[in-house]
Amino acid sequence: MAHLQRFSSAMKVLSIGLLLLSGCQLMTKHDNSSTSYGEYYLILQQLNQQQLTNEVSKQQKTLEKPTKKNSQMHYDAQIKLLLLYSLPTSPIYNVFNAKVLLNELNSEDENAALANINPSDQAFISLLRDQLNQCLLMRSRLIAQQQELQQAQRQQAIKQQETLIEQVKLLEQTIKQLKNIEQAIDKRDQ
């Protein structure tokens, strides 16, 4: 009988333990949906192209849903889309679109989109802003250098063309002189 009571107690403890564990799993699943934006970005870096495409579709659909435009769910989808625009391996990678979206998030209702996120996420978004600004600055510098190079190449081509024209004129003069000499020799031989 004592053996049966210990077995019954052990079953109760085991049942309570399993119940607690399943509760922990539910809490973990719930916490995954509210991951920080830094963690979300790290997760995005681990995804393949198909998974990234699916995530882009998911976030775009969330934005298209008829929810309140200024709701936290709407802002969350915008921020996640911003991160997808910022991720170099993303199918929608575009620094300009990322910066435009970030500017919209900063201007919407006096920063309401970013006001409700925790300080570490705000720091991450601030870092992202700095990185996007640096990227755009480097891009504009690169474009300016390319334009300077193209201008220098055009000027070099014009100089080469002018040199060739001068050489052609010199050759034409030489040919004309040679013809005159030939005519003079022909006249003398006659």
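Our subject is the structure that appears above.
Let us look at the structure shown here. What you are looking at is a predicted structure, and each value in this text was computed from that prediction instead of being measured.

**Here's the deal with the overall build of the protein**
Piece 1. Along the backbone of the protein there are 7 helices and 0 strands.
Piece 2. The helix and strand sequence of the protein, counted from the amino end, reads α-α-α-α-α-α-α.
Piece 3. Out of the 190 residues belonging to the protein, those deemed buried represent 23%.
Piece 4. At a minimum sequence separation of 6, the contacts of the protein that also span at least 24 residues come to 60%.
Piece 5. Accessible area for the protein stands at about 14,400 Å²; split by element, carbon and sulfur atoms hold 57% of it.

**Some details on helix 4 (residues 72–86)**
Piece 1. Spanning 15 residues, helix 4 covers 21 Å between terminal C-alpha atoms, matching the ideal 21 Å at 1.5 Å per step.
Piece 2. For helix 4, the tally of buried residues reaches 12 of 15 residues, placing the bulk of the element in the interior.
Piece 3. For helix 4, every residue scored as buried is listed here: His 74, Tyr 75, Ala 77, Gln 78, Ile 79, Lys 80, Leu 81, Leu 82, Leu 83, Leu 84, Tyr 85 and Ser 86.

**Focus on a nonpolar patch on the surface**
Piece 1. Among the surface-exposed residues, Leu 178, Ile 181 and Ile 185 lie close enough to one another that they form a single nonpolar patch of about 270 Å² accessible area.
Piece 2. Among the secondary structure elements, Leu 178 is positioned in helix 7 (residues 119–189).
Piece 3. By relative accessible area, which is 52% here, Leu 178 ends up exposed.

Parameters and conventions
Residues numbered from 1 in each chain as written. Predicted model: local features only at pLDDT ≥ 70, side-chain atom pairs only at ≥ 80, totals over all residues. Heavy atoms only, no water. Helix = DSSP H or I, 4+ residues; strand = E, 2+ residues; numbered from the N terminus. Buried < 20%, exposed > 50% of the residue type's maximum accessible area, 1.4 Å probe, protein only. Contact = heavy atoms within 4.5 Å. Areas by Shrake-Rupley, 256 points an atom, 1.4 Å probe, with all protein chains shown as cover. Expected span 1.5 Å × (residues − 1). Patch = residues over 30% accessible without salt bridge, like charges linked within 9 Å, V, L, I, M, F, W, Y side chains within 5 Å. Salt bridge = Lys/Arg side-chain N within 4 Å of Asp/Glu carboxyl O.

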